[in-house]
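Here is what each chain is made of, one letter per residue.
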Amino acid sequence: MKISVFGSGYVGLVSGACFAENGNDVVCLDVDAEKIARLRDGEIPFHEPGLDVIVRRNVRAGRLRFSTDAREAVQHGVVLLIAVGTPADEDGSADLSHILSVARIIGEHIDDYRVVVDKSTVPVGTGDKVEKVLRDTLALRAVSIDFDVVANPEFLKEGAAVADFMKPDRVIVGSDSPRAIDYLRMLYEPFTRSRERLLVMDRRSAELTKYAANAMLAAKISFINELAGLAERMGADIEKVRQGIGSDPRIGYHFIYPGAGYGGSCFPKDVKALVRTAEEAGMAPLLLTAIERVNERQKTLLLRKLRRYFVDLLGRRIAVWGLAFKPNTDDMREAPSRVLIEGVLAAGATVCAYDPIAMDVARRVFAASAGLRFSDNSMDALEGADALVIVTEWQEFRSPDFDLIKSRMKEPVIFDGRNLYDPATLEAAGIKYFAVGRGRPLALDADAPAC
């Protein structure tokens, strides 16, 4: 099938490459000429395991091409995927300007039936707006051409996006057009052969499903993080509690790991957008608002622990392991590490940071930050440090040489934002250890802002 993808960012590139991998003829479009040039040279603009291999293989095979020519893209594909960004406006609502701009471009160049598929995360009713822009643009051309607008949200996890796309849990198709549904069914058939994973519903329900899924996962994270705060106050171990509740199949273990808060390009933006959607519909979204507030507080947890331990951070040297918002990505958007590092530097301390993948991104993010330097490996970052703070649970941090850690640091103390280690092991090694929700009296955050 001939497919065109509008937007060659995270969702667009993963989708285009994976469709090409299954034999489709794909053109990926982007307005950023430099990005397109890099993609043509086989350079992937972000880290996603396995994506580079698929892109290069399909470029060589001629099934995947990159272009800045909108007319070419519209006329190439019978299925046109919109995968552009929907950043948050100042009021938290999703900015649809890029989506509607693509719809206008499609309307200007369409010459035959097309299935216009919205893969971007968008508020309920966006499909109606896209459809109106297309009809209005065609009216200006004084032509009548059939098209269908379908909601087909993505459910990709950063760090596992290729696997998620190739073996999806579900494929949501929002449309009432049998013709468009048949096209989407054919398109996804290679990915759903083992069992029926394609769920067809109305367009508005499909749009809400995406926001609901992310809000539900964010709710589980905020719930366990708030419960971790209670465990610290009560002298309980949140890891034991997590195992106790996770063993209940109605709850499960996914997304109930306490930590330093969620980040990335999806959960923070989507929860805010859903809050705004509810408010615009005349509803007070009490739970959704609480999810966001708990997370904002949780992002300051490690900084508050440092301040409580040292009282004054002026002149201290803090080592930080982990900068990306999660492992297996270099994405630092809304990352808890940013809140920590900015707070530590503002308090007059210096930071030496290390991340296996996100160092280049971090250098751009903190380009103007005095007092911050980066280390080429985790152990060198510890040299002369007053404390180690672990923010991201990279695999290489899970079983380090604790004797070596102790020898490198000025004071052997670890603040673990991901609960990677056994407190008894650290105590036996002579290292002071403060985790999240594990009953250590120091971690009682009485000065934390109310939720």
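The structure reproduced in this document is the subject of the present report. (Residues numbered from 1 in each chain as written. Predicted model: local features only at pLDDT ≥ 70, side-chain atom pairs only at ≥ 80, totals over all residues. Heavy atoms only, no water.)

Some details on the sheet that holds strand β10 (residues 350-354)
To summarise the sheet geometry, strands pair through backbone hydrogen bonds and adopt either a parallel or an antiparallel arrangement. Inclusion rule: Being paired, for any two strands, means DSSP has found at least two bridges between them. Each helix is a run of H or I in the DSSP string that is no shorter than four residues. Each strand is a run of E no shorter than two, and both are numbered from the N terminus. Working convention: axes come from line fits to C-alpha atoms, limited for helices to the stretch in contact. Angles between N-to-C directions cover 0 to 180 degrees. Contacts between residues were defined by any pair of non-hydrogen atoms, one from each residue, lying within 4.5 Å.
Strand order in this open sheet of six strands is β11-β10-β9-β12-β13-β14, and the pairing throughout is parallel. Edge positions in the sheet fall to β11 (372-374) and β14 (432-434), since each of these pairs with one other strand and no more. Direction aside, neighbouring strands of the sheet carry axes that sit 20° apart on average. Pairing of strand β12 (residues 387-390) with strand β13 (residues 413-416), which is carried by three bridges, proceeds in the parallel orientation. Directly across from Ile 390, in β13, lies its bridge partner Asp 416. Where helix α13 (residues 301-310) meets the sheet, its contacts fall on β9 (317-321), β12, β13 and β14, and the angle it forms with β13 comes to roughly 155°. Along the sheet face, helix α14 (residues 336-346) touches β9, β10, β11 and β12 and points at about 155° away from the line of β10.

Some remarks on the nonpolar core
Note on soluble globular proteins: their nonpolar side chains tend to be buried together. Here is the rule we go by: Side-chain atoms within 4.5 Å are what join buried Ala, Val, Leu, Ile, Met, Phe, Trp, Tyr and Cys residues into a set we call a nonpolar core. Relative accessible area decides the class of each residue, using a 1.4 Å probe on protein chains only: under 20% of the type maximum gives buried, over 50% gives exposed, and in between gives partly exposed.
Leu 306, Trp 321 and Leu 323 are the most contacted members of the largest nonpolar core, which has 56 residues in total. Sequence-distant contacts of Leu 306, that is, excluding residues within four places in its chain, are made with Val 311, Leu 313, Ile 318, Leu 340, Val 344, Ala 387, Val 389 and Phe 415.

Re helix α5 (residues 97-109)
Rule in force here: Residue count minus one, scaled by 1.5 Å, sets the expected span of a helix.
If you check α5, its first and last C-alpha atoms are 19 Å apart, about what 13 residues at 1.5 Å a residue would give, namely 18 Å. Taken residue by residue, α5 has Ile 99, Leu 100, Val 102, Ala 103, Ile 106, Gly 107 and His 109 as its buried positions. Elements that come into contact with the buried residues of α5 comprise β1 (2-6), α4 (70-76), β4 (79-82), β5 (114-118) and α6 (126-141).

Examining the pattern of salt bridges
The cut-off we apply is this: For this analysis, a salt bridge means a side-chain nitrogen from Lys or Arg found within 4 Å of a carboxyl oxygen belonging to Asp or Glu.
What the rule picks out here adds up to 33 salt bridges. A salt bridge links Asp 30 to Lys 35, with the nearest nitrogen and oxygen atoms 3.5 Å apart. When the shortest N-O distance is used, the salt bridge between Arg 203 and Glu 131 registers 3.1 Å. Of the two residues, Arg 203 is situated in helix α9 (residues 203-234) and Glu 131 in helix α6; the sequence distance between them amounts to 72 residues. Each of Asp 128, Glu 131, Arg 135, Arg 203 and Arg 204 takes part in one network of salt bridges that share partners.

Observations concerning the pairing of β12
The cut-off we apply is this: We call a crossover right-handed when, viewed with both strands directed away from the observer, the connection leading from the first strand over the helix to the second proceeds clockwise.
The alternating pattern of β12 places Ala 387 and Val 389 on one face and Leu 388 and Ile 390 on the opposite face, and all of these are buried. Where β9 and β12 come together, four bridges link them in parallel fashion. Note on β12: the bridge partner recorded for Val 320 is Val 389. With helix α16 (residues 402-408) bridging β12 and its parallel neighbour β13, the resulting β-α-β unit is right-handed.

Observations concerning the packing of α9 against helix α12 (residues 286-298)
Keep this limit in mind: Roughly parallel refers to an angle under 35 degrees, roughly antiparallel to one over 145, roughly perpendicular to one between 65 and 115, and oblique to any angle outside these ranges. The hand of a helix crossing depends on one turn: near helix anticlockwise from the far one by less than a right angle means left-handed, and clockwise means right-handed. Following the grouping adopted for this structure description, the nonpolar residues are Ala, Val, Leu, Ile, Met, Phe, Trp, Tyr, Cys and Pro, the charged ones are Asp, Glu, Lys and Arg, and the polar ones are all others, Gly among them.
Contact pair α9 / α12: the axes reach a minimum separation of 9 Å and the direction vectors enclose 55°. Considering the angle they form, α9 stands oblique to α12. Two packed elements cross with a definite hand, and for α9 against α12 that hand is left-handed. Between α9 and α12, the residues in contact are Ala 215, Ala 218, Ala 219, Ser 222, Asn 225 and Glu 226 and Leu 288, Ile 291, Val 294, Asn 295, Arg 297 and Gln 298, respectively. The residue makeup of the contact of α9 with α12, split by class, is six nonpolar, four polar and two charged.

Focus: the packing of α5 against α6
Where α5 meets α6, the closest approach of the two axes is 8 Å, and the angle between their N-to-C directions is 35°. Where α5 crosses over α6, the handedness of that crossing is right-handed. Only Thr 126, Lys 129, Val 130, Val 133, Leu 134, Thr 137, Leu 138 and Arg 141 of α6 make contact with α5, whose side of the interface consists of Ile 99, Leu 100, Ala 103, Arg 104, Ile 106, Gly 107, Glu 108 and His 109. Across the contact of α5 with α6, the residue classes tally to eight nonpolar, four polar and four charged.

So, the environment of Asp 69
Put simply, the rule is: Polar contact is the term for a pair of N or O atoms within 3.5 Å; when the atoms are in protein, one must be able to donate a hydrogen and the other to accept it, and sequence-neighboring residues count only if both atoms are side-chain atoms.
Tracing the sequence through the fold places Asp 69 in the loop between β3 (64-67) and α4. Expressed as a C-alpha distance, the spacing of Asp 69 and Gly 417, which sit 348 residues apart in the sequence, is 46 Å. A polar contact of 3.1 Å, which involves the side chain of Asp 69, links it to the backbone nitrogen of Glu 72.

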